[in-house]
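Read off the chains here:
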Amino acid sequence: SDDTVSALYGPAAERSLRDAGFCPERFVFPHGERSKTLSIYAALQQALLTAGFTRSDLIVALGGGVAGDLAGFAAATYQRGIPYVQVPTTLLSAVDSSVGGKTAVDLPEGKNLVGTFTQPHLVLCDTNVLATLSPQVEAEGWAEIIKYGMIRSQELINFLLENTPGTDIEWVIAHCVSIKRDVVAQDEQDNAVRQVLNFGHTIGHAIERCGGYSIYHGEGVAMGMAIMTRACVRQKKCPPACWTVLETLLDKYHLPKTTDKSIDELLEAAHADKKRRGDAITLIQPEVLGNCVLYP
């Protein structure tokens, strides 16, 4: 867990585990994307060894996407693999990063460049923990939720347009998870249809990298979706409603629509994107509201 989440929920999680017969050890790292590094990963591996973990033990990721990625990658590689459990505490991790089995750490050249596909044994989502999120951290979760609507669900888009943020949040989370489950089940290792889940991410990751990971992941995704959608409307690859509706939703959920990074900066950063295949990157483009297509 990171230092923020550990202070809020660590003691309760430890008590719960002890009451269930486990012998928990707590590993805490500084919060933020800048901790998703090989050095923190190595420190976690050393902590597992020092605590005497074996293949009959497990790791619990208590936190957001960074905690989940670190815990999952460590579990996938410690003694060639031990189980892990995701307990997402942010809206973004609840709807997206805790589900699907992607685990990774970043390199200076780009995000998630060292990692594995390893499914968690359990994802336990307690929506009560969302009450302690800051407005900015909550907003980045809505970016991924909007993404699910844009790529696969007119129903979700309509719901977001018609309701105030936070309405029936359990339905929203379950709806997003069901979309991701269905897509990942067709293409677990991201070679074909699963890439549609990356809508907004190629440009978004480039923006994050250019900014030294000083912005939230969801903010990068929001900018990436906006940039791609505006371009597709200009090139008549999708109807204008794709942009007008997306713009309405980004404004409603307090998400950014532009970046101050130059085209050259973003292109250079995109060269290191793990989704690149040879000399091509598959871009995810809106076709109509509620559906996106892959474009190499």
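Residues numbered from 1 in each chain as written. Predicted model: local features only at pLDDT ≥ 70, side-chain atom pairs only at ≥ 80, totals over all residues. Heavy atoms only, no water.

Draft legend 1. Representation of the overall build of the protein chain. Tallying secondary structure elements over the protein chain gives eleven helices and nine strands in all. Relative to its length of 296 residues, the protein chain is compact, with a C-alpha radius of gyration of 19 Å against a globular reference of 19 Å. For the C-alpha atoms alone, the extent of the protein chain along its principal axes is close to 60 × 45 × 35 Å. When burial is assessed residue by residue, the protein chain has 49% of its 296 residues classed as buried. Relative to all contacts within the protein chain whose residues are 6 or more apart in sequence, the contacts with residues 24 or more apart total 72%. Accessible area of the protein chain: about 13600 Å², with a carbon and sulfur share of 55%. Counting 26 positive and 34 negative side-chain charges, the protein chain places the averaged centre of each group 4 Å from the other. (Helix = DSSP H or I, 4+ residues; strand = E, 2+ residues; numbered from the N terminus. Rg over C-alpha atoms; globule rule 2.2 N^0.38 Å. Buried < 20%, exposed > 50% of the residue type's maximum accessible area, 1.4 Å probe, protein only. Contact = heavy atoms within 4.5 Å. Areas by Shrake-Rupley, 256 points an atom, 1.4 Å probe, with all protein chains shown as cover. Lys, Arg positive; Asp, Glu negative; His and termini not counted. Charge placed at Lys NZ, Arg CZ, Asp CG, Glu CD.)

Draft legend 2. Representation of the side chain of Gln86 within the structure. Relative to the assigned elements, Gln86 resides in strand 2 (residues 84-88). Every residue in contact with Gln86, bar those within four places of it in the chain, is listed here: Ala61, Gly68, Ser97, Ser98, Pro120, Leu122, Val123 and Leu124.

Draft legend 3. Focus on the pairing of strand 8 (residues 283-288). Sheet analysis places strand 8 next to strand 9 (residues 291-295), joined by five bridges and oriented antiparallel. Paired with Leu283 across the strands is Tyr295, a residue of strand 9. As consecutive antiparallel partners, strand 8 and strand 9 are separated by two residues, and within that stretch Gly290 has a phi angle of approximately 90 degrees, a positive value. (Pairing = 2+ DSSP bridges.)

Draft legend 4. Geometry of the sheet that holds strand 1 (residues 59-63). In spatial order, the strands read 1-2-5; together these three strands make up an open sheet with parallel pairing. Edge positions in the sheet fall to strand 1 and strand 5 (122-123), since each has one partner strand and no second. Note: strand 1 against strand 2, five bridges, orientation parallel. Note that in strand 2 the partner of Val60 across the bridge is Val85.

Draft legend 5. Just the packing of aromatic side chains, in detail. Per the counting criterion, the structure on display carries three aromatic pairs. A centroid spacing of 4.7 Å and a plane angle of 35 degrees characterise the contact between Trp142 and Tyr253, whose relative ring orientation is tilted. One end of the pair, Trp142, is in helix 5 (residues 135-152); the other, Tyr253, is in the loop between helix 10 (241-252) and helix 11 (263-270), with 111 residues separating them in the sequence. We classify Tyr253 as buried; its relative accessible area is 4%. Over the aromatic face of Tyr295 sits the side chain of Lys237, whose NZ or CZ is 4.3 Å from the ring centroid. (Phe/Tyr/Trp six-rings, centres within 6.5 Å; stacked < 30°, edge-to-face > 60°. Lys NZ or Arg CZ within 6 Å of the ring centre and 35° of its normal.)

Draft legend 6. Broad picture of the nonpolar core. Residues Leu91, Ile145, Ile146 and Leu160 are the most contacted members of the largest nonpolar core, which totals 58 residues. No other element matches helix 5, which puts nine residues into this core. Excluding its chain neighbours within four sequence positions, the residues that come into contact with Leu160 are Trp142, Ile145, Ile146, Leu249, Lys252 and Tyr253. (Core = buried A, V, L, I, M, F, W, Y, C linked by side-chain atoms within 4.5 Å.)

Draft legend 7. Region of interest: helix 5. Taking 1.5 Å of rise per residue, 18 residues should cover 26 Å, and helix 5 covers 26 Å from first to last C-alpha, within 8% of that figure. Burial analysis of helix 5 places 14 of its 18 residues in the buried class, the great majority of the element. (Expected span 1.5 Å × (residues − 1).)

Draft legend 8. Focus on the pattern of salt bridges. Overall, the coordinates contain 14 salt bridges when judged by the stated rule. Residues Asp69 and Lys36 are paired through a salt bridge, measuring 2.7 Å at the closest nitrogen-oxygen approach. In this pair, Asp69 sits in helix 3 (residues 65-77) while Lys36 sits in the loop between helix 1 (3-19) and helix 2 (38-50), placing the two residues 33 residues apart along the sequence. You'll find Asp69 and Lys36 in the same group, each marked buried. One continuous salt-bridge network, built from bridges that share partners, spans Glu33, Lys36, Asp69, Asp106, Lys111 and Glu208. (Salt bridge = Lys/Arg side-chain N within 4 Å of Asp/Glu carboxyl O.)

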